[in-house]
Amino acid sequence: MFYGMLHQNLRFYFMNHSKKLHVNEYQVVNYTINRLLGMVKEVSMAKEILLEENIFEHWYPSSEENNIERSLEDAIAQVKKVIKENVSEGDQDNILELVNFLEEELKETKQPRKFVIESVLTSLGNYLAIFDTKELQQLQKVIEHFLTYEK
């Protein structure tokens, strides 16, 4: 509301004062804020609600959710790096396909299927068994946290 009010007030103010060299846009901002404060008081007294407060959680996810998603992205990137550095090019495609499938299942599905995820992790573990799989273990921990976090 503030942005819309400010935009229109500035528009009409500048149309009215276009011939003046010194224009005071701060006056328009103060005027608009004072009108908005009056609206806030009136809405508070009327106890009218247009948008529920939880809608903002959807628009601006909590920092914990962002951290979990970032951790998941980082862990997947580390596993991909290990694969690219240690697996022959012929085998890379199949293994990376598993990782990409896992990433898609976790990020794109509203309710990721645990059994499918566990199967993919087992298959990845079998492929990477000859390497130090601390990255895969980290990925498993992050996925477990990701699946248990309630959005």
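Residue positions are given per chain, counting from 1 as you read along its sequence in written order. Reporting of local features is limited, given that this is a predicted model, to residues whose pLDDT is at least 70; pairs of side-chain atoms are given and counted only at 80 or more, and all residues count toward the totals for whole chains, interfaces and linings. As a rule here, side-chain values cover all heavy atoms of the structure and leave hydrogens and water aside.

(A) Spatial organisation of the packing of aromatic side chains. In this analysis, rings of Phe, Tyr and Trp, with Trp reduced to its six-membered ring, are considered paired at centre separations within 6.5 Å, and the interplanar angle assigns stacked below 30 degrees, edge-to-face beyond 60, and tilted for intermediate values. Under the criterion given, the structure shown has one aromatic pair. The aromatic ring of Phe12 is capped on one face by Arg11, whose charged end is 5.0 Å from the ring centroid. Two conditions define a charge located above a ring, namely a distance within 6 Å from the ring centre to NZ of Lys or CZ of Arg, and an angle within 35 degrees of the ring normal. Above the ring of Tyr31, the side-chain terminus of Arg35 is found at 4.6 Å from the ring centroid.

(B) Looking closely at helix α7 (residues 134-148). Strands here mean DSSP runs of E at least two residues long; helices mean DSSP runs of H or I at least four residues long; both are numbered from the N terminus. Multiplying 1.5 Å by the helix residue count minus one yields the expected span of that helix. Between its terminal C-alpha atoms α7 stretches 21 Å, which fits the 21 Å expected from 15 residues at 1.5 Å a residue. Burial classes: relative accessible area under 20% of the type maximum marks a residue as buried, over 50% as exposed, and values in between as partly exposed (1.4 Å probe, protein chains only). Those residues of α7 that fall on the buried side of the exposure criterion are Glu135, Leu136, Leu139, Val142, Ile143 and Phe146. Within α7, the buried residues cover an arc of 120° as seen down the axis, which keeps them to one side. Opposite its buried face, α7 presents the exposed residues Lys134, Lys141, Glu144 and Thr148, each directed more than 90 degrees away. The arc in question is the one spanned by the directions pointing from the helix axis to the C-beta atoms.

(C) Main features of the nonpolar core. To qualify as a nonpolar core, a set must consist of buried Ala, Val, Leu, Ile, Met, Phe, Trp, Tyr and Cys residues joined through side-chain atoms within 4.5 Å. Leu72, Ile83, Leu102, Leu139 and Ile143 are the most contacted members of the largest nonpolar core, which totals 24 residues. Residue assignment for this core shows that the elements contributing at least two residues are α4 (63-86), α5 (89-108), α6 (114-127) and α7. Looking at this core, the element that brings in the most residues is α4, giving six residues. What makes two residues a contact is simply this: any of their non-hydrogen atoms within 4.5 Å. Among residues more than four places away in sequence, those in contact with Ile83 are Gln92, Ile95, Leu96, Val99 and Leu128.

(D) Spotlight on unusual backbone geometry. Even without being glycine, Lys47 reaches a positive phi, approximately 55°. On the secondary structure map, Lys47 appears in the loop between α2 (25-46) and α3 (55-59). With a relative accessible area of 69%, Lys47 lands in the exposed category.

(E) Molecular detail of the confidence of the model for the chain. Across the chain, the average pLDDT comes to 85, with 90% of residues at or above 70. Known as pLDDT, the predictor's confidence for each residue is given on a scale from 0 to 100. Ranking the elements of the chain by mean pLDDT puts α3 last, at 67, and α2 first, at 91.

(F) Just the pattern of salt bridges, in detail. One speaks of a salt bridge when a side-chain nitrogen belonging to Lys or Arg is within 4 Å of a carboxyl oxygen belonging to Asp or Glu. In this structure the tally under the stated criterion is four salt bridges. Note that Lys107 and Glu73 form a salt bridge whose closest N and O atoms lie 3.5 Å from each other. Remark: Glu73 occurs in helix α4 and Lys107 occurs in helix α5; sequence separation between them is 34 residues. Note on Glu73: relative accessible area 40%, which makes it partly exposed. Ionic contacts of the salt-bridge type, sharing partners, join the residues Glu73, Lys80, Glu103 and Lys107 into one network.

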